[in-house]
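Structural description and commentary
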Amino acid sequence: MAAAAQTPCDGAGVHALGGAHADAVAAAGLLAQGQTHLDPLDADGQAGQLFQVSRVHAALLDLVPGQIHQGAAALKMIFQMVAGDALRLHPLPGFGVEEQGVQLLHLRTGQNELCRHEVGVGSGGREPEAAGVGCKAGVKAVCNVRRNGNAHGVDYLVQQLCRRCGAACDMQKISVIGANARGFDTHISSAFDKDLADVSCISCGQCIVNCPTGALVEKDDSDKVLAAINDPEKYVIVQTAPSIRATLGECFGMSIGTNVQGKMVAALRRLGFDKVFDTDFAADLTIMEEAHEFIERVQQGGVLPMITSCSPGWVKYCEHYYPDQISHLSTCKSPQQMFGATIKTWYAKKMGIDPEKIVVVGIMPCTAKKFETKRDDQSASGYPDVDIALTTRELARMIESAGIYFKHLPDEEFDNPLGEGTGAAVIFGATGGVMEAALRTAVETLTGKALDNVDFTDVRGMDGVKEAEYEVAGLKLKVAVASGTANAHTLMEQVKAGTSPYHFIEIMGCPGGCINGGGQPVQHAVVRNFVDLKNRRAAALYDADRKLPVRKSHESEAIKTVYTEFFGEPGSHLAHEVLHTSYKARPKYK
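Read on for a plain summary of the structure. What you see is a predicted model; the values in this text were computed from it and never measured.

**With respect to the overall build of the protein**
Each helix and strand in the protein was counted, giving 19 helices and 18 strands. Per-residue burial over the protein gives 58% buried out of 590 residues. Considering only contacts in the protein between residues 6 or more positions apart, those separated by 24 or more positions represent 73%. Carbon and sulfur atoms make up 50% of the accessible area of the protein, which amounts to about 22400 Å² in all.

**Comments concerning the sheet that holds strand β16 (residues 465-472)**
Spatially, β13-β18-β17-β16 is the arrangement adopted by the 4 strands of the open sheet, whose pairing is mixed. Across the chains shown, the open sheet's two edge strands, defined by having one partner strand only, are β13 (306-307) and β16. As judged from the 2 bridges shared by β13 and strand β18 (residues 504-508), these two strands associate in the parallel manner. When the sheet's bridge partners are listed, I307 is paired in β18 with I505.

**Some remarks on the packing of helix α8 (residues 279-300) against helix α14 (residues 433-447)**
Remark: α8 packs on α14, axes separated minimally by 9 Å, with the N-to-C direction vectors making an angle of 60°. Overall, the two elements α8 and α14 adopt an arrangement that is oblique. Helix-helix and strand crossings are classified by hand; for α8 and α14 the assignment is right-handed. Residue-level contacts link I287, E290, A291, I295 and Q299 of α8 to V434, A437, A438, T441, A442, T445 and L446 of α14.

**What to know about the sheet that holds strand β12 (residues 275-278)**
The 4 strands are arranged β12-β11-β14-β15 in an open sheet whose pairing can be described as parallel. Taken across any chain shown, the strands that pair with only one partner, and hence form the sheet edges, are β12 and β15 (388-391). Each strand axis lies, on average, 25° off the axis of its neighbour in the sheet, ignoring direction. Here strand β14 (residues 358-364) pairs with β15 via 4 bridges, running parallel.

**Thoughts on helix α18 (residues 557-567)**
Restricting attention to buried positions, one finds in α18 the residues A558, I559, V562, Y563 and F567. Burial along α18 is one-sided: seen end-on, the buried residues are contained in an arc of 135°. On the buried face of α18, the contacting elements are α8, α10 (335-351) and α19 (573-579). Among the residues of α18, the N-terminal cap falls to S556, whose side-chain oxygen and the backbone nitrogen of A558 are separated by 3.3 Å. Downstream of α18 by a residue or two, G568 has a phi angle that is positive, lying close to 90°.

**Notes on the nonpolar core**
Grouped together as the largest cluster of nonpolar side chains are 35 residues, with contacts concentrated most on V176, I177, W314, L329, I505 and I507. Elements with a contribution of two residues or more to this core: α3 (164-171), α4 (206-209), α9 (312-321), β17 (475-483), α15 (485-497) and β18. Ranked by the residues each element gives to this core, the list is headed by α9, at 5 residues. Leave out the neighbours within four places in its chain, and W314 touches I307, T308, L329, A488, M492, I507, M508 and G509. In this structure, I363, M364, L390 and F414 belong to the second largest nonpolar core, which totals 33 residues.

**Things to note about the state of the cysteines**
Considering all chains together, one arrives at 0 disulfides under this definition. Take C169: it sits in no disulfide, and the sulfur closest to it among the cysteines is that of C201, at 6.7 Å. Left without a disulfide partner, C201 is nearest to the cysteine sulfur of C207, which lies 6.5 Å away. The class of C201 is buried, set by a relative accessible area of 7%.

**Quick word on the packing of aromatic side chains**
Under the counting rule described, the total for this entry stands at 10 aromatic pairs. An angle of 85° between the planes, with centres 5.3 Å apart, marks the rings of F456 and Y470 as edge-to-face. Taken as a pair, F456 in the loop between α14 and β16 and Y470 in strand β16 lie far apart in primary sequence, 14 residues in all. Look at F456 and you get buried, because its relative accessible area is 8%. Judged by its relative accessible area of 14%, Y470 is buried. One aromatic cluster is present, formed by W314, Y317, Y321 and Y322 through successive ring pairs. Just above the ring of F371 sits the side chain of K316; from NZ or CZ to the centre is 5.1 Å.

**Notes on the packing of α8 against α10**
At a minimum axis distance of 8 Å, the contact between α8 and α10 shows a crossing angle of 100°. When the axis of α8 is compared with that of α10, the two are roughly perpendicular. Contact residues: α8 offers T279, F281, A282, A283, L285, T286 and E289, while α10 offers P335, Q336, M338, F339 and T342. In terms of residue class, the contact of α8 with α10 is built from 7 nonpolar, 4 polar and 1 charged.

Cut-offs and rules
- Here, residues in each chain are numbered from 1, in the same order as that chain's written sequence.
- A pLDDT threshold of at least 70 governs which residues receive local features in this predicted model, and a stricter bar of 80 or more applies before side-chain atom pairs are shown or counted, although totals over entire chains, interfaces and linings include all residues.
- Excluding hydrogens and water, the side-chain figures rest on all heavy atoms present in the structure.
- Only DSSP runs of H or I with at least four residues qualify as helices, and only runs of E with at least two residues qualify as strands; both kinds are numbered from the N terminus onward.
- Only protein chains enter the area calculation, which uses a 1.4 Å probe; residues under 20% of their type maximum are buried, those over 50% are exposed, and those in between are partly exposed.
- Note on definitions: a residue-residue contact is assigned when non-hydrogen atoms from the two residues lie within 4.5 Å.
- Accessible surface is estimated by sampling points in the Shrake-Rupley manner with a 1.4 Å probe; for residues, cover comes only from the protein chains shown.
- We treat two strands as partners when DSSP finds at least two bridges between them.
- A fitted line through C-alpha atoms represents every axis, and for helices the fit uses only the stretch in contact; the resulting angles, taken between N-to-C directions, go from 0 to 180 degrees.
- Angles below 35 degrees are treated as roughly parallel, those above 145 as roughly antiparallel, those between 65 and 115 as roughly perpendicular, and all remaining angles as oblique.
- We call a crossing left-handed when the near helix sits turned anticlockwise from the far one by less than a right angle, and right-handed when that turn is clockwise.
- Along the arc lie the directions from the helix axis toward the C-beta atoms.
- Identification of polar contacts relies on pairs of N or O atoms within 3.5 Å, with a donor-acceptor requirement for protein atoms, meaning one able to donate a hydrogen and the other able to accept it, and with residues adjacent in sequence counted only if both atoms are side-chain atoms.
- We define a nonpolar core as any set of buried Ala, Val, Leu, Ile, Met, Phe, Trp, Tyr and Cys residues linked to one another through side-chain atoms lying within 4.5 Å.
- In this description, a disulfide is simply a cysteine sulfur pair whose atoms lie within 2.5 Å.
- When the centres of two rings from Phe, Tyr and Trp lie within 6.5 Å, Trp using its six-membered ring, the rings pair. Their planes under 30 degrees apart give stacked, over 60 give edge-to-face, and anything left gives tilted.
- The criterion for a charge sitting over a ring is simple: Lys NZ or Arg CZ within 6 Å of the ring centre, and within 35 degrees of the ring normal.
- Under the convention adopted here, Pro, Cys and the residues Ala, Val, Leu, Ile, Met, Phe, Trp and Tyr are nonpolar, Asp, Glu, Lys and Arg are charged, and Gly plus all remaining residues are polar.

Put into structure tokens, the structure is as follows:
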């Protein structure tokens, strides 16, 4: 870390440290204008600039023109009117200098690196405004203390009060976090500083992926996974959600939308997991149960519209905000939970393994998946269906920490029999994917005829709400797809009023679906603003779908095997005991 020279602006001092000791960086920004040495000084009334240099996205190379090379950029902090005691060259971590608009805390190289990895950007970088460009910004920066709440952790000492997290929460129509207190005491929190577990937070994590400083992070459970892997008494199985293969590469500097399935499998094996399976298997299993449940509701006059239940953030939103509409939710568990339930029942019996010794780890795009593992009615074997859920970012940090050079790994295949998935399963990661997968199976089941074209393109795309109508076996089937809970609100108001024209609705808690989940790699705002992030990630999944030999869930040989050997048929009594769940109304505040 070093300070970089810059043309003077707004009367601020210009300072360059070059290869100076990292502990002196904070002092560099406080040098009086024109001063060139780093002796302790009384900084009353001085102005300055602090530049933090780190590797970042190439799009930021123009941040400090002519001063940086590719792979590096400067993070600028401007401050004025510093008041306080003399600044020493070796202050303790957390040492503060009071200013009119900024509270500057000492930053060490190690802390900066840890913070960068905490938000899972790998060789990527942070927001240009991360340290609070401009005076009187009310910034508190930078330390590495984490406060945990629900599926998230909050670091009040790196908040720049930009309110992007609150804006993201508002865009989701949740609005449980915002600015509390005034002046230097201003901080981002929930009402009355309640823990996020005590408000109607749905753990979607959109606040995290929109935070430019890493002040909001997921609860890191990687230590629990490593402990299980190193326990000789445990049999540790990992499953990876469909969208992870399209996003994990971003953490290692690969192009957005690169499918890294083979390298992901290879990395997981090298981390020490006993089996590496694909959640796509359980996505196909979900379609078998969900399509059967939908057809049964249509034919027997059940509650319609039926709404998908794959997204735990959406499910929790429904429980908080529409508890009287819970009966519309499909009773199917999510693919993550179906996978774990199947592992600890059928697979455990088949392989002769005590389910108590099995640890199921999910690599998920979603922070709400952490909450889902703790839900009631998610322990078909008597043990939790899934023990630990990690985000894409946590997996990337584990790979980096293990010294695995991800880009140079060979491509490897998932283990069998639960490593097999269809094209219908892989598109679960994009909004509209669950609907399309369900239609592929439901239409063939209702008509008894093979589809000439399995692509239901009307439900694809990143529009917040999509709708379509299909003629199926004499029924005009009306469907709708929504992503993001603000759009879910639009459809649920119709359901609540009894005016919804639809038979079947897919809802994903995050805008764009899992490919934009709260556990996905954090991309710089330059990228989020000027790159079609969601569509590029989704394109990788649709491309994988096109290339797979089997594109319909009911044609999967692995699915046929598990029903023949264990469940019997979709919707059977055993299938309901293992693969289905229940919901409950939740208060908005505790």
